[in-house]
Amino acid sequence: MFRQFLPERRPLPGAIELLRSLRAQKIPFGIATSGSRPEINLSLDALGIGPETVVIERRDVKRAKPEPDLFLACQAKLGVPVNECYVVGDAVWDLLAARRAGMLSVGLLSGGYGEDELLAAGAYRVYRDAAVLHSSLDELGVLP
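Residues numbered from 1 in each chain as written. Predicted model: local features only at pLDDT ≥ 70, side-chain atom pairs only at ≥ 80, totals over all residues. Heavy atoms only, no water.

Participant: How should the overall build of the protein chain be read in this particular structure?
Facilitator: Helix and strand content of the protein chain: seven helices and six strands. Reading the protein chain from its N terminus to its C terminus gives the helix and strand order β-α-β-α-β-α-β-α-β-α-β-α-α. On C-alpha atoms alone, the protein chain measures out to a radius of gyration of 14 Å, which is about the 15 Å that the 2.2 N^0.38 rule sets for 144 residues. Looking at the protein chain as a whole, 49% of its 144 residues qualify as buried. (Helix = DSSP H or I, 4+ residues; strand = E, 2+ residues; numbered from the N terminus. Rg over C-alpha atoms; globule rule 2.2 N^0.38 Å. Buried < 20%, exposed > 50% of the residue type's maximum accessible area, 1.4 Å probe, protein only.)

Structural data, given as structure tokens:
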């Protein structure tokens, strides 16, 4: 599972709980972001992301979104088949990159884009925030 977090943002409602739940259930996830360290460190710290979590940043790949490089690098490092990856993003660029990577994408209404825009960019589902996404993991087939 991937999600872009920019340093100027505070964690989305429910994001910390969602990531804790994924860890507890041993569901692999990573962070793929167009940002770079050290700028992303505050966001990663706020989310409780430690060294055990795969983080792919802009400097790790040749091309940025809407190219799929960030997500494919994260997928490869996680060792999860492409067809079992979900991209969670709040921008059309996230969802376009997910589509190009052959991954299912889920949109969040936190990046200034509307539901129609996210669906048109390829989102399978769109949720208000990470808290609602967390409560909907079963409908996405994420839970074992």
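Participant: In this structure, what is going on with the packing of aromatic side chains? I would like to understand it.
Facilitator: One pair of aromatic rings is described through two measures. These are the centre distance and the angle between the planes. This model, assessed by the stated rule, comprises zero aromatic pairs. Note that Arg125 overlies the ring of Tyr124, its terminal NZ or CZ placed 4.5 Å from the centroid. (Phe/Tyr/Trp six-rings, centres within 6.5 Å; stacked < 30°, edge-to-face > 60°. Lys NZ or Arg CZ within 6 Å of the ring centre and 35° of its normal.)

Participant: Would you explain the pattern of salt bridges in this entry?
Facilitator: Scanning the entire structure with this criterion turns up eight salt bridges. Across the salt bridge formed by Arg63 and Asp69, the nearest N and O atoms sit 3.0 Å from each other. Given the relative accessible area of 40%, Arg63 is considered partly exposed. Between Glu67 and Arg100 there is a salt bridge, with its nearest N and O atoms 3.2 Å apart. Here Glu67 is found in the loop between β3 (54-56) and α3 (69-78), whereas its partner Arg100 is found in helix α4 (residues 92-101), with 33 residues between them in sequence. A relative accessible area of 49% places Arg100 in the partly exposed class. Through salt bridges with shared partners, a single ionic network connects Arg63, Glu67, Asp69 and Arg100. (Salt bridge = Lys/Arg side-chain N within 4 Å of Asp/Glu carboxyl O.)

Participant: Is there a simple way to think about α4 in this case?
Facilitator: Every buried residue belonging to α4 is among Val92, Asp94, Leu95, Ala97, Ala98 and Ala101, and all of these are buried. Immediately beyond the C-terminal end of α4, within one or two residues, lies Gly102, with a positive phi of roughly 80°.

Participant: For this particular structure, what's the right way to read unusual backbone geometry?
Facilitator: The phi angle of most residues is negative, glycine excepted, and most peptide bonds adopt the trans form. Backbone torsion omega between Arg37 and Pro38 reads 10°, so that peptide bond is classified as cis. Position of Pro38 among the secondary structure elements: in the loop between β2 (30-32) and α2 (41-46). Cis geometry marks the peptide bond from Lys65 to Pro66, where omega comes out at 20°. Phi at Lys26 is positive, roughly 60°, even though this residue is not glycine. Residue placement: Lys26 occurs in the loop between α1 (15-24) and β2. On the basis of relative accessibility, which here comes to 73%, the residue Lys26 falls in the exposed class.

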